[in-house]
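# Topology and contacts: notes
The residues making up each chain are set out below.
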Amino acid sequence: MSASATPAPSRAAILGAFAIVYIIWGSTYLGIRFAIDSMPPLLMAGSRYLLAGLLLYTFMRLRGEAAPTRQGWATAVIIGICLLTFGNGGVTLGEQYIPSGMTSLLVATVPMFLALLGWLSGVAARPTARVALGLVLGLVGVYLLARTPGASHVALPGHEAIGITLVLVAALVWAIGSLYSKKKQAASSPFLAGGMQMICGGLTMVILGLVRGEATDFELAAVTTKSWMAYIYLVTFGSIVAFSAYIWLLRAVEPALAGTYAFVNPVVAVLLGWAFAGEQLTTGMLGGAALIVAAVVMVVLGGRQKARS
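Read on for a plain summary of the structure. As the structure is a prediction and not an experimental result, all values here were calculated from the model. Each chain carries its own residue numbering, running from 1 in the written order of its sequence. At least 70 in pLDDT is required for a residue's local features to be given in this predicted model, at least 80 for side-chain atom pairs to be given and counted, and no such filter applies to totals for whole chains, interfaces and linings, which use all residues. Computation of side-chain values covers all heavy atoms of the structure but excludes hydrogens and water.

### A few points about the pattern of salt bridges
Only one rule defines a salt bridge in this text: a Lys or Arg side-chain nitrogen within 4 Å of an Asp or Glu carboxyl oxygen. Tallying each qualifying case throughout the model produces two salt bridges. Close ionic contact of aspartate 37 with arginine 33 constitutes a salt bridge, the shortest N to O distance being 4.0 Å. With a 1.4 Å probe rolled over the protein chains alone, any residue whose accessible area is under 20% of its type maximum counts as buried; one over 50% counts as exposed, and the rest are partly exposed. Relative accessible area serves as the criterion here: at 37%, aspartate 37 is assigned to the partly exposed category. Judged by relative accessible area, which is 4%, arginine 33 ranks as buried. The partner of glutamate 214 in a salt bridge is arginine 212, and the shortest N-O contact between them spans 2.3 Å.

In structure tokens, the structure reads:
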């Protein structure tokens, strides 16, 4: 069915898609935490995206999408490595050292990186005063999070600084890849392109995991039921369902509105981490959370105001 033949989406459909992106993407941080409890981080993340990408790519090709070109695959490699290998891979590695709630809040810096790098690269307009204030508040929020001791269970405790650094670098490279994807497309279909990017990024993560020696002492028999359930959830809902809902939203509403997941996901992740993983809600974390969420709201709304003026 072509896009031109598709009727205007109903309010219920739009709200349902937003609920999927908000809740599922917010819950994937906790899913990653459970999965890496008994799975090697890069092999878990890489195989998750590789499997999801193969399923999505095969489905779209069977629906009649044309085979991508070599240039399309080259673009998919670059975007996939930025968004998934560095982005999701860095987040997955970081969650060995810091709780899922803190991880999600650090990832909320992505829109701030986008605003700053977009301006410096000429892709976006110069940030407004509201956007600049949001960037400052975001940095203060990150500082408060960095000062908050990680009292919750993590796989490798006592190295919060490593986890924070990994996640912030992941957020930065994710932003770079996102800006690149605005200029280069792997395929005309966003779903086919997404499958290609997941294949390339996931395969790269698997290779890096093998180079790191993650398979040396890994035994499938040692994987817990909770980790398997989390893995299945990440492949199906986290990588395919939520991603498809987000792609659909980009066509149904303004991109800035679809991007509000960036400041809703942290709230969902913190609450889920507190409710199901015993992660503590300290005063420092709540203060950092409030500042980061306020900062991202100011960055997004400030950017929209600039675009309309």
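### Some thoughts on helix H1 (residues 11-35)
Per the convention used, a helix needs a DSSP run of H or I reaching at least four residues, while a strand needs a run of E reaching at least two, with both numbered from the N terminus. Multiplying one less than the number of residues by 1.5 Å gives the expected span of a helix. Given a rise of 1.5 Å per residue, 25 residues ought to cover 36 Å, and the 35 Å separating the end C-alpha atoms of H1 matches this to within 8%. Fitting one axis to the seven residues ending at a residue and another to the seven starting there, the bend at that residue is the angle between the two axes. Maximal helix bending in H1 amounts to about 30°, located at tyrosine 29.

### With respect to the side chain of serine 38
By the secondary structure assignment, serine 38 is in the loop between H1 and helix H2 (41-62). Assessed through its relative accessible area of 18%, serine 38 is described here as buried. Here the side chain of serine 38 touches threonine 224 through a polar contact of 3.1 Å, landing on its backbone nitrogen. At 2.6 Å, the side chain of serine 38 and the side chain of serine 227 are in polar contact. Not counting the four nearest positions on each side in its chain, serine 38 is found in contact with Phe218, Ala222, Val223, Thr224 and Ser227. Identification of polar contacts relies on pairs of N or O atoms within 3.5 Å, with a donor-acceptor requirement for protein atoms, meaning one able to donate a hydrogen and the other able to accept it, and with residues adjacent in sequence counted only if both atoms are side-chain atoms. It only takes one pair of heavy atoms within 4.5 Å for two residues to be counted as in contact.

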